[in-house]
Amino acid sequence: MKINFLLNGKETEIEIEPDRRVIDLLREECGLTGSKECCGAGECGACTILVDGESRLSCLMLAAQLEGREVITIEGLAKDGCFHVVQQAFVDYGAVQCGFCTPGMILAAVDLLRRNPTPSREQIREGISGNICRCTGYQKIVDAVYFASLALQGVN
Amino acid sequence: MLREPLTVGMNAPRADAFTKVTGKEQYAADYYPPNLLWCGVKRPSYAHALIRSIDISRAKEMPGVAAVLTHKDISGSNRLGILEKDQPVLAEDTVRHYGDSIALVLAESRYTLQQALELISVEYEPLPAVFDPEAAMLEDAPVLHPGRKHAFLETEAGVAWLEDDGALVIVASTQTPFRDRTEISHALGIPSCRIRVIAPYLGGGFGGKDGITVQAFLALAAQHSGGRPVKMWYSREESFLAGTKRHPAILKYSLGCDQEGILHALDCRIVMDTGAYASLGCEVLALAMEHAGGPYRIPHASIEGIAVYTNNPVAGAFRGFGAPQAHAAIEQVIDELARIAGFDPLEFRLKNAVSRGDTTPSGVTLTQSTGILACLETARDSAAWRERERWESLAPPFKKRGTGIAAINHGIGYGPVIPDNANAKIELTGEGRLIIYAGVSDMGQGNAATYLQIAGDILSQTLDNMELVLPDTAQTLPSGSSSASRTTFTFGNALIGAAQALRKRILERASLLFTYQFFEHVRAEDLGLVPGHVRHIPTGREIHLSFVSTTMDQSERTAANSYTCPVNRQKPPTGGSLRIHGYPHRVYSFGVNLVRLEADILTGEVTVCDFIAFTDAGRIINPELFDQQVHGGIAQGLGYTLFEDFLVSEGRILTGDFGAYILPTALDIPDIQSIAIPLQEEDGPYGMKGVGEITINGAFPAVANALARVCKTRISSGPLTAEKVLAAISRNEVGKNR
C-alpha cells in the first residue's frame, strides 16, 4: 500500500507492505539507520522514535500506522545544523559510550522533557527506564537530561 | 573546548559523541550494501547429537534463496578457535550445543531466509549429553571431544563482499579485526592477504566480540553469493543462543589466619564450565586462578583450577575475564574469616593487603605501582564507612540496612606469552591535518577519542584539526585486541612514540622554511606547534602545517611506532598443566568498593543506596572517560549481582531474550561515587594503568558482604535475587527481631 506521512519535516510517500515494521521501513527503505534495533520485542527502547511528538517503539509499529502522522527520528532532531539541547547535553556531560542506545535514549528524554519540563533526577530515571543502556550505568545520562532541562528553562 | 589544543588530563569531549548523538555514526549493523543477500544459520535441535543427514534440497529450491551451504562447501580446516582450534564453522558429523551451526542460507529477504531455514531437515542420532561440570569430570562421563550474557546492544553483525579482484572485504562488529583475518584464513582456506577486515565503532562488546561471531559465515557466504554483498545480523535470541557467556564457576575456599589476624593459608578449587568449545576457557580460568587469592599476602596457597567441556552454551571472554568470579569468592571468605576471628573487615584487609615488593597468593611478585593500601585507607576514612553503624541503625520500617566492602585487583594486558604489542601510525596530510590510524577497536570505551587526546597533546592540536581511521587491516597497523584492560595502555604507548617522531620531523622541516624566510639559521628549539601552525617563538611568525607538509613526501608525512609491553618473567610453580597465557602479570590495577544497601524484609527486594568506588588505575588521561568506565563496570557488576540470571536447562537457554533476562534499568543503579587514587605507573602512558575491568570485580562481593550483615547468613550462589534474600532473612528470623 501507499502511505503518506511527515518524516523529519518532509512530506513522504512510500509504497510498502502494510505489515512491514516501522524500524525496517526507516532503516531499509529510508536509509535512516540512526534508529537501532536491539531486541525487536519492545524491551530495550533503542528503536524509539517520536510519532506526533510522543515516543514510540518503532520495532512494535507497522508501516500502515504511520499514515498521516508526523515522525521524528534522531536524524531529524537537530535543526539547521544545530544540535537539540538534549543532544548537546549528551555530548557535554559524557552520556555517550558505545552510543547504540543513544538515539533512542535522547528521543525518550525529549519526550520526557515535553511532558515534564522540570523533572527531578528520580523522575528522569523513571522517564528513561524503558531504555536499556549497557555501558554507562545511566548516571551521566541522568546528568545530561537534568542539565538539558535546566537549559530549556533558561537556567545556566 | 573544540578550539583548545587537547591536553592529557582534561575532560576532552569524545569525538565519537558528535556523530553518535545525531544517528550519523555507521556501525557494522548499519551497513546495507545495494543488492545484498541476507544470511542466516540453521541451529540444531539437540545439545549433543550425531548428524545422520542434512537435506537442503527443499530450501535450495525455494524462490528467493540464493545458496544453501554446509561444511562440504568449506575448503579450509573448518576449525575456528582463538588458541584451541576446536569449533567448526559448520558442523560436520556432530553438534555439541544448541548454538552450533549446521547450514548457512543466503536469501533475498529476511522473511525468505527464515522460511528457508525451516525447510532444512536434519536427521540426528542423539548422544548422551553432560550439563554439570562436576559430572563431566567423572570417569564414566560422556566424552565430548575427545553464566551470564554480555547483552551488548548491537548484536553480532556485519557485511561482506568480494572486490573485483576477488579479495574479500568484511565489515564487522569485532574487537579483534587482525586476529579474525588469521582465524578466517585457517578455517576457510582463504589466504590472509586476500582478506580485509574493517571494524567500525562497536555497539558494545565487553569481550563477547573477542573473536569470530558472524565473520566466518560472512566470508563463506561472500564466496558463494554470485558476486553480491552479504549481510548478517543476529537477532537478540540468536545472540543469546550462539554468542559466548561469562563462565559459570563453582568455587570452594578454605582460608586461615592466626590470632593476630595475619593470613597464613589458602586452599581453593575453581571449576569452570566452558561449554561445548574452548573459546578462551583455559585463559579465563588461568586469570581466575591468578586472582584467586585477591590482593593479599597469603604465604601458603594451593589454588586448583579446572575448565570443563559440557554441552552447555560456549563460555568465553567477558569483561573481567575470570577475575570477577574469583573476587566473588575470596572477598566473601575474607569477610567471613574476619567476622569469625573478631576483626573489623576493613582493618583485617589492611593488615593483609599487599604492597609493592610483596608476593600475591598466586606467587606473583609485585614490582609495579600497588595502590590497594591507599584505596583501603581512603575507604576507611570515608564518612560512609566511619558512620556505617549509625546509618544502618536508621533503617526505615520493614527495611534492614547493610554496609559491605570488597578489595580487588586486576592484571593489565596479555601477560608473558603473547606479545602485548601495538603499532601506531600518524599522518600529516597535505592540508595540514592529522590522521591517527587506530589499529585497536573502540567498542564504546572511548579509546579512540583518547588517542586523539594523546596526539593532540603532543602536537598541540585541536579536535577540529584531527581525524581517526578506525581499525582496517588495509590501512591501520596490527595492534592486538580491544580487551584485557590494554587498549589505551598499549596503543597509547605506541602512539606517544609515533606522535613525538612526527612532531620532531615537522619542527625540523619548519626550521628550514623559517630559515629561508629569515635568511638566517632558525633552530628547531625556537619553534613550537600551535593549532594548525608552527610558530617561531622569538618573532611570533607562523607557518601553516599544510606548508610544512609540502616539504615531505608521503613516507615522511607518516610516522609509525611499535611498542611491546614489558612482562613479568617470573616462573611461578604451576603444576605443569596450566596454560599460562596471561599469568603472571606485571601491572595490576587495584580498588575498593563500598556498598550501602537496604533490603526489604517483607519482599527481599534489595535497593543499593550508595556505591563508592576507590580506584587505583594509575594516572588519568581523561577524568570523564575514567568515570564512564567506573560507572559502567559497576552497573554491569550490579546487574550480574542482583538481576541477571542466565538460566540453562539441559543445555537449553531459558532466559533467551530481554523479556526473561533482566538487565538493570536507570531505576536500579544508584549514582556512583568514583574516587580515583591515581598512583603513577612507570610502564603506562602518562602513568596510567587500565580501568576497563577493575571496575566490574567488586560489585558482587561488596553487595554479598553487605547482605550477609542484613541476613546474618550467606547466600551461596548468584545472582542475589529478592527470592534468595527473602529466604535467607526468613531462615534466620531476622525479620522478627526488627
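Some words on the overall build of chain B
The helix and strand tally for chain B stands at 20 helices and 28 strands. With respect to the three principal axes, the spread of C-alpha positions in chain B is 90 × 70 × 50 Å. Expressed as a percentage of the 738 residues in chain B, the buried residues total 62%. Working note: accessible area of chain B is about 26,100 Å², and carbon and sulfur atoms make up 51% of it. Here chain B contributes 67 positive and 82 negative side-chain charges, whose respective centroids are spaced 2 Å apart.

A look at the domain arrangement of chain B
All names here are of chain B. Here chain B is partitioned into domain 1 (15–24 + 421–564), domain 2 (31–242) and domain 3 (249–415 + 571–737). Once you take the C-alpha centre of each, domain 1 and domain 3 turn out to be 39 Å apart. Domain 1 puts 19 residues into the contact, and the matching count from domain 3 is 19 residues. Of the roughly 1,400 Å² buried where domain 1 meets domain 3, counting both sides, 59% is carbon and sulfur surface. Counting every contact that joins domain 1 to domain 3 gives six residue pairs in polar contact (both at pLDDT 80 or more). The set of elements that each furnish at least two residues to the side of domain 1 that touches domain 3 consists of helix 14 (447–459) and helix 15 (487–518). Split into classes, the residues belonging to the side of domain 1 that touches domain 3 amount to six nonpolar, 11 polar and two charged.

Quick word on empty space enclosed by the protein
Residue and element names in this part refer to chain B. Considering only enclosed or pocket space, the largest cavity measures out at about 420 Å³ in volume. If you trace the largest cavity, you find 29 residues lining it, with Gln87, Ile212, Thr213, Ala242 and Thr244 closest to the centre. Mapped by element, the contributors of at least two residues to the lining of the largest cavity are strand 5 (87–88) and helix 6 (215–223). Taken together, the residues that form the lining of the largest cavity break down as 11 nonpolar, 12 polar and six charged. Shared between two domains, the lining of the largest cavity takes at least three residues from each, and those domains are domain 2 (31–242) and domain 3 (249–415 + 571–737). Of the pockets and cavities examined, the second largest cavity occupies roughly 110 Å³. Every residue lining the second largest cavity is counted, 16 residues in all, and those nearest its centre are Ile412, Gly415, Cys565, Pro566 and Arg586. Residue composition of the lining of the second largest cavity, grouped by class: nine nonpolar, four polar and three charged.

Regarding the nonpolar core
In terms of nonpolar packing, the biggest core is built from 114 residues, with A:Phe90 and B:Ile120 touching the most fellow members. The element contributing the most residues to this core is helix 19 (residues 699–711) of chain B, with nine residues. Counting residues in each nonpolar core, the second largest holds 49 residues, with B:Ile298, B:Ile334, B:Leu337 and B:Leu594 among its members.

A few points about the sheet that holds strand 6 (residues 94–95) of chain B
In any sheet, the strands associate via hydrogen bonds between backbone groups, in a parallel or an antiparallel arrangement. All names here are of chain B. The three strands are arranged 6-2-8 in an open sheet whose pairing can be described as antiparallel. Two strands close off the open sheet at either side, each with one partner strand: strand 6 and strand 8 (121–126). Here two bridges tie strand 2 (residues 49–55) to strand 6, and the two strands are oriented antiparallel to one another. Counted as the bridge partner of Ala49 is Val95 from strand 6.

What about the packing of aromatic side chains?
Inspection of the entire model under this criterion finds 15 aromatic pairs over all chains. Here the aromatic rings of A:Phe100 and B:Tyr27 are separated by 4.8 Å at their centres, their planes lie at 90°, and the arrangement is edge-to-face. Of the two residues, A:Phe100 is situated in the loop between helix 2 (85–92) and helix 3 (102–115) and B:Tyr27 in the loop between helix 1 (15–20) and strand 1 (37–42); the pairing between them involves two chains. Given a relative accessible area of 0%, A:Phe100 falls into the buried group. With centroids separated by 6.3 Å and ring planes inclined at 45°, the aromatic side chains of B:Tyr588 and B:Phe590 adopt a geometry described as tilted. Residue class for B:Phe590 comes out buried when judged on its relative accessible area of 1%. In this structure, B:Arg110 packs its charged tip against the face of B:Trp38, placed 4.4 Å from the ring centre.

Some details on the interface of chain A and chain B
With 45 residues of chain A at the interface, the matching set in chain B holds 51 residues. Across the chain A to chain B interface the summed buried area is about 3,900 Å²; carbon plus sulfur atoms make up 57%. On the chain A side of the contact with chain B, A:Gln97, A:Phe100 and A:Arg134 bury the most area, a combined 20% of that side's loss. At the junction of chain A and chain B, the tally comes to seven salt bridges. Note that B:Asp671 is salt-bridged to A:Arg125, the shortest N-O span being 2.7 Å. If you look at where chain A meets chain B, you find 28 residue pairs in polar contact (both at pLDDT 80 or more). Counting residues per element, the ones that place at least two in the side of chain A that touches chain B are helix 1 (22–29), helix 2, helix 3, helix 4 (121–127) and helix 5 (139–152) of chain A. Taken together, the residues of the side of chain A that touches chain B sort by class into 19 nonpolar, 11 polar and 15 charged.

Details of the pairing of strand 3 (residues 65–69) of chain B
All names here are of chain B. With four of its five residues buried, strand 3 lies for the most part within the structure. The sheet contact formed by strand 3 and strand 7 (residues 103–107) spans four bridges and is antiparallel. Its bridge partner being in strand 7, Val68 is matched across the sheet by Val105.

Observations concerning the pattern of salt bridges
The full count for this structure, using the stated rule, is 50 salt bridges over all chains. For the salt bridge of B:Glu392 with B:Arg709, the shortest nitrogen-to-oxygen distance reads 2.6 Å. Here the residue B:Glu392 occupies a position in helix 13 (residues 388–393), and B:Arg709 occupies one in helix 19, the gap between them amounting to 317 residues. With a shortest N-O distance of 2.7 Å, B:Glu556 and B:Arg509 are connected by a salt bridge. Of this pair, B:Glu556 sits in helix 17 (residues 554–557) while B:Arg509 is found in helix 15, placing the two residues 47 residues apart along the sequence. Among the residues examined, B:Glu556 registers a relative accessible area of 26% and is labelled partly exposed. Here B:Arg509 falls in the buried class, since its relative accessible area comes to 19%. When salt bridges that share partners are traced, they join A:Glu17, A:Arg20, A:Arg21, A:Asp24, A:Glu28, A:Glu29, A:Glu37 and B:Arg110 into one network.

A look at the pairing of strand 19 (residues 466–469) of chain B
All names here are of chain B. Summarising the sheet, strand 18 (residues 434–437) and strand 19 pair through four bridges and their orientation is parallel. In the sheet register, Ile435 faces strand 19, and the bridge partner there is Glu467. Following the chain from strand 18 across helix 14 to the adjacent parallel strand 19, one finds a crossover that is right-handed.

Observations regarding the environment of B:Lys252
All names here are of chain B. In this fold, Lys252 is placed in strand 13 (residues 249–257). Separated by 38 residues in the primary sequence, Lys252 and Val214 place their C-alpha atoms 37 Å from one another. Non-local contacts of Lys252, meaning those with residues more than four positions away in its chain, are made with Glu134, Asp267, Cys268 and Arg269.

Examining the domain arrangement of chain A
Residues and elements named next belong to chain A. Split by domain assignment, chain A resolves into domain 1 (2–75) and domain 2 (85–152). Computed from C-alpha atoms alone, the centre-to-centre distance between domain 1 and domain 2 is 21 Å. Residue-level contacts link 17 residues of domain 1 with 13 residues of domain 2. Roughly 1,100 Å² is buried in total at the junction of domain 1 and domain 2, and carbon and sulfur atoms are behind 64% of that figure. Along the contact surface separating domain 1 from domain 2 lie zero salt bridges. On the surface where domain 1 and domain 2 come into contact, there are four residue pairs in polar contact (both at pLDDT 80 or more). When residues of the side of domain 1 that touches domain 2 are traced back to their parent elements, those giving at least two are strand 3 (48–51) and strand 4 (54–57). Examining the composition of the side of domain 1 that touches domain 2, we find that three residues originate from one element, strand 3, more than from any other.

Observations concerning a nonpolar patch on the surface
A grouping of B:Leu83, B:Val417 and B:Ile418 is seen on the molecular surface, where their side chains present a nonpolar patch of about 220 Å² in accessible area. Relative to the helices and strands, B:Leu83 resides in the loop between strand 4 (79–80) and strand 5.

Some details on the sheet that holds strand 25 (residues 606–616) of chain B
Residues and elements named next belong to chain B. Read from one edge of the open sheet, four strands run 16-24-25-28, paired in mixed fashion. At either margin of the open sheet sits one strand with a lone partner, and together these are strand 16 (399–411) and strand 28 (672–676). Neighbour-to-neighbour, the strand axes of this sheet turn through a mean angle of 15°, independent of strand direction. Sheet analysis places strand 16 next to strand 24 (residues 588–600), joined by 13 bridges and oriented antiparallel. Opposite Thr403, over in strand 24, you have Arg596 as the bridge partner.

About the thresholds
- Per chain, the residues get numbers from 1 upward, laid out in the order the sequence is written.
- Lettering for chains starts from A, numbering for ligands starts from 1, and both go in the order in which the items are written.
- For a predicted model such as this one, the threshold for reporting local features is a pLDDT of at least 70, and the threshold for listing and counting side-chain atom pairs is 80 or more; totals across whole chains, interfaces and linings nevertheless cover every residue.
- Hydrogens and water are ignored here; the side-chain numbers use all heavy atoms of the structure.
- Note on conventions: DSSP H or I runs of at least 4 residues are helices, E runs of at least 2 residues are strands, and numbering of each starts at the N terminus.
- Relative accessibility thresholds used throughout: buried, under 20% of the residue-type maximum; exposed, over 50%; partly exposed, between the two (1.4 Å probe, protein chains only).
- For every accessible area listed, the method is Shrake-Rupley and the probe measures 1.4 Å; residues are considered covered only by the protein chains on display.
- When charges are counted, Lys and Arg contribute as positive and Asp and Glu as negative, whereas His and the chain ends are disregarded.
- Each charge is placed at NZ for Lys, CZ for Arg, CG for Asp and CD for Glu.
- For the purposes of this description, domain bounds are those given by an automatic or database domain assignment.
- The contact definition used throughout considers only heavy atoms, calling two residues in contact when any of these lie within 4.5 Å.
- Accessible surface is computed with a 1.4 Å probe, and the buried area is the amount of it that two parts give up when combined, taken over both parts together.
- Polar contact is the term for a pair of N or O atoms within 3.5 Å; when the atoms are in protein, one must be able to donate a hydrogen and the other to accept it, and sequence-neighboring residues count only if both atoms are side-chain atoms.
- Classification convention: Asp, Glu, Lys, Arg as charged; Ala, Val, Leu, Ile, Met, Phe, Trp, Tyr, Cys, Pro as nonpolar; all other residues, Gly among them, as polar.
- Cavities and pockets were defined on a 1 Å grid built from protein atoms only: a cavity is a group of points that admits a 1.4 Å probe but offers it no way out, a pocket is an open group of points flanked by protein on both sides within 12 Å along at least five of seven lines, and a lining residue is one with an atom within 4 Å of any such point.
- Grid points are joined across faces, edges and corners, and a volume is the space filled by probe spheres set on the points.
- As used here, the term nonpolar core means buried Ala, Val, Leu, Ile, Met, Phe, Trp, Tyr and Cys residues forming a set that is joined through side-chain atoms within 4.5 Å.
- The pairing criterion is simple: DSSP has to find at least two bridges between the two strands.
- Any two rings among Phe, Tyr and Trp, with Trp reduced to its six-membered ring, count as a pair given centres within 6.5 Å; such a pair is stacked if its planes are under 30 degrees apart, edge-to-face if over 60, and tilted if neither.
- Whether a charge sits over a ring depends on NZ of Lys or CZ of Arg being within 6 Å of the ring centre and within 35 degrees of the ring normal.
- We define a salt bridge as a contact between a side-chain nitrogen of Lys or Arg and a carboxyl oxygen of Asp or Glu at a distance within 4 Å.
- Convention used here: a crossover is right-handed provided that the path from the first strand, over the helix, to the second strand proceeds clockwise when the strands point away from the viewer.
- A patch consists of residues whose relative accessible area exceeds 30% and which take part in no salt bridge; residues with like charges are grouped when within 9 Å of each other, and nonpolar side chains (Val, Leu, Ile, Met, Phe, Trp, Tyr) when within 5 Å.
- Angular values range over 0 to 180 degrees, each being the angle between N-to-C directions of two axes fitted as lines to C-alpha atoms, with helices fitted over their stretch in contact.

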